[in-house]
Structures are given as structure tokens and as C-alpha cells.
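Spelled out from the first residue to the last, the chains are:
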Amino acid sequence: MKQPDPSPNNKEEEDLDGEDMQKKALSRRNAWEPSVFYSLGSETFFFTGQEISIRESLDCLGAVVWPGAVALCRYLEKNREQVDLLDKAVLELGAGTGLVSIVASLLGAWVTATDLPDVLSNLNFNLSRNTRGRCRYTPQVAALVWGQDVKRDFPSSVYSYDYVLCADVVYHHNFLEDLLITMQYFCKPGTTLLWANKVRFQSDLRFIENFKNVFDITLLEEIPQEEVRIYQATARKSGQQHDV
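Definitions and limits used
Residues numbered from 1 in each chain as written. Predicted model: local features only at pLDDT ≥ 70, side-chain atom pairs only at ≥ 80, totals over all residues. Heavy atoms only, no water. Helix = DSSP H or I, 4+ residues; strand = E, 2+ residues; numbered from the N terminus. Buried < 20%, exposed > 50% of the residue type's maximum accessible area, 1.4 Å probe, protein only. Areas by Shrake-Rupley, 256 points an atom, 1.4 Å probe, with all protein chains shown as cover. Pairing = 2+ DSSP bridges. Core = buried A, V, L, I, M, F, W, Y, C linked by side-chain atoms within 4.5 Å. Contact = heavy atoms within 4.5 Å. Phe/Tyr/Trp six-rings, centres within 6.5 Å; stacked < 30°, edge-to-face > 60°.

Under an unreviewed UniProt entry, the name given to the protein chain is Methyltransferase like 21C, and the source organism is Cirrhinus molitorella.

(A) Examining the overall build of the protein chain more closely. Regarding its fold elements, the protein chain presents seven helices and nine strands. Buried positions account for 50% of the 244 residues belonging to the protein chain. Summed over all atoms, the accessible surface of the protein chain reaches about 12,200 Å², with 46% contributed by carbon and sulfur.

(B) Layout of the pairing of strand S7 (residues 192-198). For S7, a buried count of six out of seven residues is recorded, marking the element as mostly surrounded by other parts of the structure. Relative to S7, strand S6 (residues 163-167) is paired through five bridges, and the arrangement is parallel. Looking at S7, one finds that Cys166 is bridged to Trp195. Summarising the sheet, S7 and strand S9 (residues 228-235) pair through seven bridges and their orientation is antiparallel. Bridge pairing links Thr192 to Thr234 in S9.

(C) Focus on the nonpolar core. Ile52, Leu72, Leu85, Leu99 and Leu165 are the most contacted members of the largest nonpolar core, which totals 38 residues. Setting aside anything within four residues of it in sequence, one finds Leu165 in contact with Leu72, Leu76, Val90, Leu91, Glu92, Leu93, Val100, Ala104 and Leu194. Val170, Trp195, Phe215 and Tyr231 belong to the second largest nonpolar core, which has 31 residues in total.

(D) Main features of the environment of Val169. Mapped onto the fold, Val169 is located in the loop between S6 and helix H6 (176-186). On the accessibility criterion, Val169 (2% relative accessible area) is buried. Dropping the residues within four chain positions of it, Val169 is found in contact with Leu93, Gly94, Trp146, Leu179, Met183, Trp195 and Asn197.

(E) Structural view of the packing of aromatic side chains. Scanning all chains against the criterion turns up 11 aromatic pairs. Taken together, a centroid distance of 6.0 Å and an interplanar angle of 70° make the contact between Tyr161 and Phe186 edge-to-face. One end of the pair, Tyr161, is in the loop between helix H5 (150-153) and S6; the other, Phe186, is in helix H6, and 25 residues separate them in sequence. Note on accessibility: Tyr161 and Phe186 belong to one class, buried. With a centroid separation of 4.8 Å and an interplanar angle of 65°, the aromatic rings of Trp195 and Phe211 are classed as edge-to-face.

Structure below.
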């Protein structure tokens with residue numbers, strides 16, 4: 001893939017007043033949104049021996065850290081032998097703030113982080129700030145709208161991935177069918193898909209059933225106190241890949 005311009009605007013945006021930010025958070029909060037917002041608009045994590053500073057935003061759902069992302073990062077960190085990302089090509093769907101892509105990069109993967117166009121500025125900022133000078137490969141950022149022009153923008157003859165990572169991509173939205181089709185498209189024979197998600201609605205459970213009907217899956221971990229499940233999926237040898 002052609003390397004996108006890796007130089008986001010590194011000038012920190014002026015922080016919102018804490019009280020104003022809390023009011024805005026309360027006004028935008030919905031049942032499917034994360035229940036915690038941070039008054040300074042950022043959060044610090046520690047993975048792979050590195051401090052990771054994530055800038056969040058209340059502008060869209062893709063600009064806050066969701067519990068499935070943290071759970072998947074923990075899993076990748078503690079299961080490095082089972083999930084060896086060193087020198088592997090990794091695609092993240094719905095990368096959001098970029099936490100999962102950052103951790104995968106720190107673990108030695110060649111990462112392409114994808115999300116909707118309006119999320120990419122903050123995603124690029126976080127990736128650049130937390131991986132520059134720390135990783136074997138510079139992570140890439142690309143726009144990807146589930147189910148739209150995926151075959152055109154990511155032709156199978158050019159793009160193949162060892163791992164596809166997804167964290168909290170299933171919630172109350174109208175694009176679950178497009179998401180499943182996109183997962184299928186990228187999960188070719190030889191690709192492993194890892195998906196972590198907090199279960200919130202009956203629609204989440206219905207998606208899980210459809211997911212099981214499409215892939216050969218293994219429940220890798222369940223975290224009851226967080227209502228998060230982590231699945232591993234591979235393409236069914238007898239099934240046909242779904243065209244996008």
C-alpha cells in the first residue's frame with residue numbers, strides 16, 4: 001500500500017474546559033457509547049513496557065477508547081507466543097483512537113489502521129505520537145467504509161493480511177451486515193481474525209450468531225465483569241468468500 005502522509009498536525013489542540021467537556025459528554029451519551037469520559041480528553045495506558053497516550057474526542061464514537069480495545073490489547077500483550085505479530089501484516093477495522101493498532105505496532109507488526117474519513121485525523125495523530133521511533137514499521141492509516149468500494153480500494157491481488165483485528169465494532173448501528181461482509185472479504189485462507197467486543201444489545205448477540213455461521217471460530221477469552229468476549233475466526237475452507 002502506498003504510504004499515506006505520515007505527518008499529522010502535532011500541535012496539541014486547546015483542551016476544553018473540564019466542566020464544559022463533562023456537560024458535552026452528558027448531552028451526547030447514549031446507551032451504546034462508552035460510559036466513561038475523561039475530563040482532559042486523553043488517557044494513558046501501559047502496554048509492552050511503553051507509555052501510550054491516547055487523545056480522545058467527543059466529536060464521534062470512533063474517538064473514545066472502548067473496553068473491547070483495552071481487552072484486546074491486554075490479550076495481545078500476554079499471548080505473544082500464541083499470537084505472534086512480529087513482522088506480520090495486520091489490518092485493523094474500525095481503529096478509532098488507534099490503541100489496538102499502536103499495541104500491534106509495538107509488538108512488531110506492519111499495521112494498516114482503517115476507519116471512517118472523519119476519524120482519521122485523530123487516529124493519525126495518536127499513531128504518530130505513540131509509535132514514532134519505537135516500532136519496526138511505520139503504521140499506515142487508510143479510510144475504509146464497511147461494505148463500500150472495499151474490493152476496489154483493497155483488491156485481493158495486492159492486499160493480504162496475516163491478522164485482522166477488530167475491537168468494539170459491533171454496537172447499535174445500521175451497518176452490521178456491511179461489517180460482516182467486510183470481515184469476510186479480508187479474512188482469506190491463511191488470515192486470522194481477532195475480534196473483541198462488549199456485549200450490549202440483543203443485536204450484538206444476533207451478530208455473534210451470524211459471525212459463527214460465516215467463520216470457524218474459537219472463543220479465546222470471556223471477561224464477565226466487563227461483558228467482553230474475544231473471538232478468533234478463520235475462513236471456512238468449504239465456504240466461498242463474499243464479494244464486496
